Amino acid sequence: MKRPDKVADLISALKAQHPILRWQAVARLAEATRQSRADVLTALEGALQDEHPFVRWQAATVLVRARTPETKAILQRAMTEGPPLAQAAAIDALTQMHQAEVSGLLRALEHPDAMVRQSAVEALIRQQVRAAVPRLMELLRDPAPGVRRATVSAFARLWDERAIPSLIERLEDESPLVRRSAAYTLGARRVRAALPALLNALDDPQPEVRYTAAWALGRLGASAAIPRLERLLNDTALDGMLATEAARALAAIACRGWRRLGCLFRRDRLPRPLSTEGR
C-alpha cells in the first residue's frame, strides 16, 4: 500500500485494516493537528477508541503535544466523558505531558472499567499524588488483576506502612504478575515483616515470582533465607537466570558490617527484567 501524503488520505488511512498503517497515519497528522483542522481533530478523537493500544496512545500523544485549546478540550472530554478506551488513552497522554488534573484522576479510580482504573493508578504514581494513598489501599483488593498489579507497584514509590499487611497478602494473589509485583515492592522497601511470606514465595509455581522473591530476600539481607536460596542454585528455570539471582542474593546476605552497604550498592537496584507486564 502506498503511503498517503494528503491529509484527507491520512484520515482515510485511520480506517485501514493493519494497525501499523493507522498508527503511521496518526503520527503524520501531527502538523494538521497543531493547525486545529476540524476534520483532523474529529478523526483523532475517534482514534482514541481504536481497538489497538498503540494507535490509541499515538492519537492521544499527538493531541496532547499540539497544546492547543481545542486538543486539550478533546482530551479532557475523553478523560471525563468518553468510553473506557478513550478515557484510558487520554489519562496516559495527559499525565505524561503533566497536564492531567489530579481531581479527574482520583475520580477515575472509581470508574467501572478496569482499564480506566489502572490508567488512573499509573498516572497517580507518575505524579506522586499522596492524596491517593487511602484509595490505593482499597484497590489492593480490586477484582481486576491489572489494577491490583498497578496498585501494588504504586506502593514502591508512594510508600505507606499501613499497606504492609495487604501487600504481604498479595504474595498469595491468584495472579502471578501481582505476586511478583508484591515481592518487588516489599523487597524494594526492605519490609522485614514480609520475610516469612517471601520465604514461602521461593516455592511459588511461577519461576518469575521465585526470581523476584530471591531478589527481595537479598535486599533484606535475611540469613534465614540461605538454605532456601541454596536450593535454587540448581534451578534451571528462566534459562538459569533464577539460579543466578539466587547466587546474587546469597552474596548480598553474606555481606557483614561495614561491607554490607558496599555490597548492596554494587548490586543492581532492580531485578533484571523478565517479561513485559501489560494490561
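Residues numbered from 1 in each chain as written. Predicted model: local features only at pLDDT ≥ 70, side-chain atom pairs only at ≥ 80, totals over all residues. Heavy atoms only, no water.

(A) Summary view of the overall build of the chain. Along the chain, the regular secondary structure elements total 18 helices and zero strands. In the chain, which comprises 279 residues, the share counted as buried stands at 52%. In the chain, the share of contacts with a sequence separation of at least 24, taken over all contacts with a separation of at least 6, comes to 63%. Accessible area of the chain: about 13,800 Å², with a carbon and sulfur share of 54%. (Helix = DSSP H or I, 4+ residues; strand = E, 2+ residues; numbered from the N terminus. Buried < 20%, exposed > 50% of the residue type's maximum accessible area, 1.4 Å probe, protein only. Contact = heavy atoms within 4.5 Å. Areas by Shrake-Rupley, 256 points an atom, 1.4 Å probe, with all protein chains shown as cover.)

(B) Here's a closer look at the nonpolar core. In terms of nonpolar packing, the biggest core is built from 88 residues, with Leu 48, Phe 155, Leu 217 and Leu 229 touching the most fellow members. If you tally residues by element for this core, the top one is helix 15 (residues 207-220), at seven residues. The contact partners of Leu 48, leaving out residues within four places of it in the chain, are Arg 56, Ala 59, Ala 60, Leu 63, Ile 74, Ala 78, Leu 85, Ala 86 and Ala 89. (Core = buried A, V, L, I, M, F, W, Y, C linked by side-chain atoms within 4.5 Å.)

(C) Inspection of the environment of Ala 154 at higher detail. Relative to the helices and strands, Ala 154 resides in helix 11 (residues 145-154). If we skip the residues at most four places from it in the chain, Ala 154 touches Val 121, Ile 125 and Leu 136.

(D) Structural detail: the pattern of salt bridges. Applying the stated criterion to the full structure yields 19 salt bridges. The salt bridge partner of Asp 204 is Arg 179, with a shortest N-O separation of 2.7 Å. Note that Asp 204 is positioned in the loop between helix 14 (195-201) and helix 15 and Arg 179 in helix 13 (residues 176-188), a separation of 25 residues in sequence. The buried category is assigned to Asp 204, whose relative accessible area is 9%. Looking at Arg 179, the relative accessible area reads 8%, which means it is buried. Salt bridges here are not isolated pairs; linked through shared partners, they connect Arg 148, Arg 170, Asp 173 and Glu 174. (Salt bridge = Lys/Arg side-chain N within 4 Å of Asp/Glu carboxyl O.)

(E) Representation of a nonpolar patch on the surface in the model. A contiguous nonpolar patch, built from Trp 23, Phe 54 and Trp 57 and spanning about 340 Å² of accessible area, is present on the exposed surface. Structurally, the position occupied by Phe 54 is in helix 5 (residues 53-66). (Patch = residues over 30% accessible without salt bridge, like charges linked within 9 Å, V, L, I, M, F, W, Y side chains within 5 Å.)

(F) Region of interest: the packing of aromatic side chains. For the structure shown, the criterion picks out one aromatic pair. Arranged with centres 5.3 Å apart and planes meeting at 20°, the rings of Tyr 184 and Trp 215 form a pair that is stacked. Of this pair, Tyr 184 sits in helix 13 while Trp 215 sits in helix 15, and the two are 31 residues apart along the sequence. We classify Tyr 184 as partly exposed; its relative accessible area is 25%. (Phe/Tyr/Trp six-rings, centres within 6.5 Å; stacked < 30°, edge-to-face > 60°.)

(G) Seen up close, the packing of helix 4 (residues 38-47) against helix 5. The interhelical angle for the contact between helix 4 and helix 5, taken along N-to-C directions, is 140°, at an axis separation of 8 Å. What the angle tells us is that helix 4 and helix 5 run oblique. Like other packed secondary-structure pairs, helix 4 and helix 5 cross with a definite hand, here left-handed. Each of Leu 41, Leu 44 and Ala 47 in helix 4 lies in contact with helix 5, whose residues at this interface are Val 55, Arg 56, Ala 59, Val 62 and Leu 63. (Axes fitted to C-alpha atoms, helices over the stretch in contact; angles between N-to-C directions. Parallel < 35°, antiparallel > 145°, perpendicular 65-115°, else oblique. Left-handed = near helix turned anticlockwise from the far one by under 90°.)

(H) How the structure looks around the environment of Ala 249. Structurally, Ala 249 is set in helix 17 (residues 241-254). Residues Ala 249 and Leu 217 lie 32 residues apart in sequence; the distance between their C-alpha atoms is 6.7 Å.

(I) How the structure looks around the confidence of the model for the chain. Averaged over every residue, the pLDDT of the chain is 87; residues scoring 70 or more account for 89%. Every residue in residues 275-279 is under pLDDT 50, and counting partners more than four places away or in other chains gives 11 contacts. (pLDDT = per-residue confidence, 0-100.)

(J) Looking closely at the side chain of Asp 50. Within the secondary structure, Asp 50 is located in the loop between helix 4 and helix 5. On the accessibility criterion, Asp 50 (11% relative accessible area) is buried. For Asp 50, the side chain forms a polar contact with the side chain of Arg 22, separated by 2.7 Å. Once residues within four sequence positions are removed from consideration, Asp 50 is found in contact with Leu 14, Arg 22, Val 55, Arg 56 and Leu 85. (Polar contact = N/O pair within 3.5 Å; in protein donor to acceptor, adjacent residues only side chain to side chain.)

(K) Here's a closer look at the environment of Ser 223. The topology assignment puts Ser 223 in the loop between helix 15 and helix 16 (226-231). Note on Ser 223: relative accessible area 43%, which makes it partly exposed. Residues Ser 223 and Ala 254, 31 residues apart in the sequence, show an inter-C-alpha distance of 7.9 Å.

(L) Examining unusual backbone geometry more closely. Here Ser 36, not a glycine, exhibits a phi torsion of approximately 60°, which is positive. Relative to the elements of secondary structure, Ser 36 occurs in the loop between helix 3 (30-34) and helix 4. A positive phi angle, close to 55°, is found at Gln 128, a residue other than glycine. Structurally, Gln 128 can be placed in the loop between helix 9 (114-126) and helix 10 (133-139). According to the relative accessible area criterion, Gln 128 is partly exposed, its value standing at 37%.

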